[in-house]
Amino acid sequence: MRFGVTFSVLRGVSDSRNQPKSKCLNENDVKSLRAVLNPDISKIRNIGIMAHIDAGKTTTTERMLYYSGYTRALGDVDDGDTVTDFMAQERERGITIQSAAVTFDWKQHRINLIDTPGHVDFTLEVERALRVLDGAVAVFDASAGVEAQTLTVWRQADKHQVPRVCFLNKMDKPGASLEYSIESIKEKLKANPILLQIPIGSGKNFTGVVDLVTKERIMWHPGSSWHDSGHDFNTKALGSSDDPELLHHASEARGALIEQVADLDDEFAGLLLEEFSEDFDAIPPGRLQEAVRRITLAQKAVPILCGSALRNKGVQPLLDAITAYLPAPNERHHDLVRWYKDDLCALAFKVLHDKQRGPLVFVRIYSGSMKPQSSVYNLNRNGTERMSRLLLPFADQHVELQSLTAGNIAVTVGLKQTVTGDTIVSSKASAVAAARRAQEESEGKMNPGREASELVLAGVEVPEPVFFCTIEPPSMAKQADLDHALTCLQREDPSLKVHIDPDSGQTILSGMGELHIQIIHDRIRREFGIETHLGPLQVAYRETILRSASTTDILDRTLGEKRHVVTVALSVRPLDEFSHSASCDITYKEDVEGQLAADIRSAVENGVQSAHLQGPLLGYPVQGVGTIIQNVTLEPGTSMAMVSACVSRCMLKALKQAGGQLLEPMMSLEVTVGEEHLSSVLADLAQRRGAVCDVQSRYDNKVLLATVPLAEMMGYSTALRTLTSGNATFSLELSSYEAMNAQDQNALLSKMAGLA
């Protein structure tokens, strides 16, 4: 084929000779996945689609692929034939589980798009996608505005400073409201929305939009099947023949837009006052668009567009907005990358396992270029690996390439050791050269031992798991296969933790929620062919202490010829705040720290940290405890391991004396329910020890905000469906760890001891 590119057979993207000619598409309409394989960096857009569950992310992605000419038919989430939701579980459940990458061209621009999940259980997928993206499209359900998970993904985008464009989807729904959605974006997201379009018609009568930048009316045709696909639409300048009410509304909205942009962009304000002071409305669309782009990239405001992806309206202007307002890779500045100059520097942000090709590592190239059949150096693992093939991602299909330049997202085959968050460079020599440049720039001496750590790109933060359960193979013969499956899944999904219980020898799975564990269980069965048994889901409690306590311990051991003697005196005290992670606050008495050598201090800290891993009550990690080391004495020849052991034993004694307190994970719960079912949902929450924070109105529905212990939320989705006849939706996310009351704690201790 052209360019010497090997093509996979793509579902919906195939050679026109093998397909019957579609009624509405010419043979040249469906593109092969080629285009310019290495476009100019200013023409690349790396973007993600992020939103709450069911706001329409995957449907919007499908429409983008269809209108850009890469698929022959419109995929539908309900029919299970979308390009980006290609896993069996995604098609069955109608949800996105993994972030899928697709590449397509739109008006001389290359768009690398990642469709991210909306469920809180898969929040890591959103986190690692945003880490490598330059811009994002936030999709909103126009009838619901900002929802719980919208808030979470928005905060994640804020953390990575990703410029955004907002798309108000589902404008054809009866309850859709532009004003409500914009107000909720202002209030809940604390963002500054600038409206670039207003809808024509509402609900079922939604037929198009008015582009306030160009003063044009964009209308989609109802009617025949070709028109229904949304391919064909009319763009016409607003004129006196249009509806006077629409003209008035558009004129007001454009005036407000120009005023807003002038407030945020000094250059645009100067232009208005110098050249268009007589008539602000006469400003050319091109100058207004440039100003909107500047304030979007500076994250002073977010452009708002509207449409209905399912009804095929408003997606083409959204694609235009992506190319017009979101940044190219060279407009996002990564300090570290400049030290590599033209050498390769890339970040591995996702690993998938393919039965034929082995691990597929998704990488974002920040500088230099990648070629197949070449060696690359992994800074985090401190080792060289050989990359056999380089592919361009198209969901679960891939196109093979001969090289790829900076700014692109690629899939590599052959990197066996690389995991999520690793930095890949061309060779150890290029890393040393970059370290030298960094050293010269800082005009100071860099510690040679820290060269690598100074030059790795920031990885991905992995949240702490909240659910865990045991997993067992059907027979011991399958244990090795299960271990292999779990190793592969852990490389793919760092939020999945696996460890062996030292007492029972059972394999423990830890994950982000009930759905997360179910999906992992299902994938082991389908992809690895192992029928595993899951134990009951358990909650990851934490432990803390009630009061201060001091204690002393002496360890006197003789091993072989050597006698090891350590004396430790320490005290523990409760800290005011319980943090999400197991905090270890270690301080020394004034005169002690100076007397202890660095290796002894390190051994003491290791001992304290190991004591934090298992609390005295039920063996859960300890947090919110401050430790004060009052005295450490040891005889000559005593090993550091003995110091750690003595400190750990002394800590355990002190924790027992200080009185144990269990902390349980509290979840923020948001339930959207009709008013007729509200009382039964509230009664159910009261039985689950829930505390209602607020009940808000959203059109005909009530939105219930509450905090509930995670332990009480097992099987809540089924219970809620039963209570509301399937008419309610809910979302859960970890809020904090809170102390249990004495009655609940005693009940839990009895249950764990097998007495209840």
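Read on for an overview of the structure.

Conventions used here
- Residues numbered from 1 in each chain as written.
- Predicted model: local features only at pLDDT ≥ 70, side-chain atom pairs only at ≥ 80, totals over all residues.
- Heavy atoms only, no water.
- Helix = DSSP H or I, 4+ residues; strand = E, 2+ residues; numbered from the N terminus.
- Contact = heavy atoms within 4.5 Å.
- Areas by Shrake-Rupley, 256 points an atom, 1.4 Å probe, with all protein chains shown as cover.
- Axes fitted to C-alpha atoms, helices over the stretch in contact; angles between N-to-C directions.
- Parallel < 35°, antiparallel > 145°, perpendicular 65-115°, else oblique.
- Left-handed = near helix turned anticlockwise from the far one by under 90°.
- Nonpolar A, V, L, I, M, F, W, Y, C, P; charged D, E, K, R; others polar.
- Buried < 20%, exposed > 50% of the residue type's maximum accessible area, 1.4 Å probe, protein only.
- Polar contact = N/O pair within 3.5 Å; in protein donor to acceptor, adjacent residues only side chain to side chain.
- Phe/Tyr/Trp six-rings, centres within 6.5 Å; stacked < 30°, edge-to-face > 60°.
- Lys NZ or Arg CZ within 6 Å of the ring centre and 35° of its normal.
- Pairing = 2+ DSSP bridges.
- Salt bridge = Lys/Arg side-chain N within 4 Å of Asp/Glu carboxyl O.

1. Concerning the overall build of the protein chain
When helices and strands are tallied, the protein chain shows 20 helices and 35 strands. Look at the contacts in the protein chain between residues 6 or more apart in sequence, and 73% of them connect residues 24 or more apart. Total accessible area computed for the protein chain in this model is approximately 33,000 Å², and 49% of it derives from carbon and sulfur atoms.

2. Focus: the packing of helix α7 (residues 244-264) against helix α9 (residues 285-297)
Here α7 crosses α9 at 50°, and the two axes come no closer than 10 Å. Classified by the angle between their axes, α7 and α9 sit oblique to one another. Our pair here, α7 against α9, has a crossing hand that is left-handed. Of α9, the residues touching α7 (which contributes R254, L257, I258, V261 and L264) are L288, A291, V292 and I295.

3. With respect to the packing of α7 against helix α8 (residues 266-275)
Two elements in contact, α7 and α8, have axes separated by 5 Å at closest approach and are oriented at 120°. Taken together, the axes of α7 and α8 are oblique relative to one another. Judged by the twist between their axes, the crossing of α7 over α8 is left-handed. Within the contact between the two elements, α7 uses I258, V261, A262 and L264 and α8 uses D266, F268, A269 and L272. Partitioning the contact of α7 with α8 into residue classes produces seven nonpolar, no polar and one charged.

4. Things to note about the environment of R45
By secondary structure assignment, the location of R45 is in strand β1 (residues 44-51). Looking at R45, the relative accessible area reads 3%, which means it is buried. Once the C-alpha coordinates of R45 and L133 are considered, the two residues, 88 residues apart in sequence, prove to be 8.6 Å apart. In this structure, R45 is in contact with H109, R110, I111, N112, R293, I322, T323, L326, P327 and A328, ignoring residues within four places of it in sequence. At a separation of 3.0 Å, a polar atom in the side chain of R45 contacts the main-chain carbonyl oxygen of S42. At 3.0 Å, the side chain of R45 forms a polar contact with the backbone oxygen of L326.

5. Observations regarding the packing of aromatic side chains
Tallying each qualifying case throughout the model produces four aromatic pairs. Seen in terms of ring centroids, F349 and F362 are 6.1 Å apart; in terms of plane orientation they differ by 65°. Their pairing is edge-to-face. Of this pair, F349 sits in strand β12 (residues 345-354) while F362 is found in strand β13 (residues 358-367), placing the two residues 13 residues apart along the sequence. F362 carries the same exposure label as F349, and that label is buried. Sitting over the face of the ring of W154, R164 holds its NZ or CZ atom 4.6 Å from the ring centroid.

6. Focus on the pairing of strand β11 (residues 302-306)
Counting buried positions over the five residues of β11 gives five, a clear majority of the element. Burial along β11 is two-sided: the residues V302, I304 and C306 and P303 and L305 are all buried. Across three bridges, strand β5 (residues 164-169) lies against β11 in parallel orientation. Note on β11: the bridge partner recorded for L168 is C306. Across three bridges, strand β6 (residues 193-195) lies against β11 in parallel orientation. Of the residues in β11, the one forming a bridge with P193 is V302.

7. Describing the pattern of salt bridges
This structure, assessed with the given rule, holds 22 salt bridges. The salt bridge partner of D134 is R364, with a shortest N-O separation of 3.1 Å. Residue D134 is found in the loop between α3 (123-132) and β4 (135-141), and its partner R364 is found in strand β13; the two are separated by 230 residues along the sequence. Residue R364 is classed as buried on the basis of its relative accessible area of 2%. In this structure, K173 and D141 form a salt bridge, with 3.2 Å as the shortest nitrogen-oxygen distance. Taken together, the residues K173 in the loop between β5 and α5 (178-189) and D141 in strand β4 connect sequence positions 32 residues apart. For D141, a relative accessible area of 7% corresponds to the buried category. Three or more residues joined by partner-sharing salt bridges are found here, namely E664, R689, E712 and D744.

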